[in-house]
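# Remarks on the overall topology
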Amino acid sequence: IDTSGIAPTFPSAGVVVWDFGDDVPTTTQSINYTLLVTPGVSIPNNTILTNQVEISTDTVGDSPDNNTAQAQTTIYQIVPIATARAVAPPQVFAIEGQVTYLPGTYSANDWALQDASGGIVAYFYPPPAVALGDYVRLVAGRLDYSGQEEIGSPFIYFENLGTGPEVQPVNF
């Protein structure tokens, strides 16, 4: 998700350029991007891919020696909740589902989500703002707490994808 307001160009394969022009502020400027990658091939369950990106400027007078940074993106395949539940901790998974109970229902920081394959408790501190039925995507580690399968640490990513109808929780 690019919120820069600048339309990128693609001068060659694998190269994306955002041109901010010559009117760059004299203060530090930060730009954040969330990159959603859809691979052209199937990714085996729990495979981590790394995409390395070089970030630099070509402003007149800038020294390329001190004006380059490296960023890495780790890609997690979205899997059914049942797949995440079936693997012992501490594996990291990306899952999507609908919220079936809210933080504060049973404890301050846990809540639950489910998809067609089953449900799982999510434990985050502080818990995210969610409503019953919301569609959510998260990337986090699989936990066991007092015999209960959970997802939550390490917490890597959370996104509320939008509202949905309340769903009847399944036993899990």
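Up top you'll find the structure we're talking about.
Residues numbered from 1 in each chain as written. Predicted model: local features only at pLDDT ≥ 70, side-chain atom pairs only at ≥ 80, totals over all residues. Heavy atoms only, no water.

### With respect to the sheet that holds strand S6 (residues 110-115)
As a reminder, the rule being used: Pairing between two strands requires that DSSP report at least two bridges joining them. Runs of H or I in DSSP of at least four residues are treated as helices and runs of E of at least two as strands, each being numbered from the N terminus. Only the stretch in contact is used when fitting a helix axis, every axis being a line fitted to C-alpha atoms; angles between N-to-C directions are given from 0 to 180 degrees.
Strand order in this closed barrel of five strands is S5-S6-S7-S9-S8, and the pairing throughout is mixed. Averaged over all pairs of adjacent strands, the angle between their axes in this sheet comes to 55°, without regard to strand direction.

### Digging into the pairing of strand S8 (residues 135-145)
Pairing of strand S5 (residues 92-101) with S8 involves seven bridges; the strand directions are antiparallel. Considered in S8, the bridge of Ile95 is made with Leu138.

### A closer look at the nonpolar core
Our working definition: Throughout, nonpolar core names a set of buried Ala, Val, Leu, Ile, Met, Phe, Trp, Tyr and Cys residues whose side chains join them through atoms within 4.5 Å. For each residue, the accessible area found with a 1.4 Å probe, counting protein chains only, is set against the maximum for its type, and the residue is called buried under 20%, exposed over 50%, and partly exposed in between. Residues are treated as being in contact if the distance between any of their heavy atoms lies within 4.5 Å.
Ile95, Trp111, Leu113, Leu138 and Ile151 are the most contacted members of the largest nonpolar core, which totals 16 residues. Going through the elements one at a time, helix H1 (81-86), S5, S6, strand S7 (118-123) and S8 are the ones with two or more residues in this core. Other than its neighbours up to four places away in sequence, Ile95 contacts Ile78, Val79, Pro80, Ile81, Ala84, Leu113, Ile120, Val136, Arg137, Leu138 and Ile151.

### Description of the pattern of salt bridges
Between side chains of opposite charge, a pair can form as their charged atoms come close. Selection rule: Just to be clear on terms, a salt bridge is a Lys or Arg side-chain nitrogen sitting within 4 Å of an Asp or Glu carboxyl oxygen.
Applying the stated rule across the entire model yields four salt bridges. Of the charged contacts in the structure, one is a salt bridge between Arg137 and Glu159, with a shortest N-O distance of 3.6 Å. Note that Arg137 is positioned in strand S8 and Glu159 in strand S9 (residues 148-162), a separation of 22 residues in sequence. A relative accessible area of 18% means that Arg137 is categorised as buried. Between Asp144 and Arg142 there is a salt bridge, with its nearest N and O atoms 2.9 Å apart. When its relative accessible area of 3% is taken as the criterion, Arg142 is described as buried. Look at the salt bridges and you will find they share partners, linking Glu96, Arg137 and Glu159 into a network.

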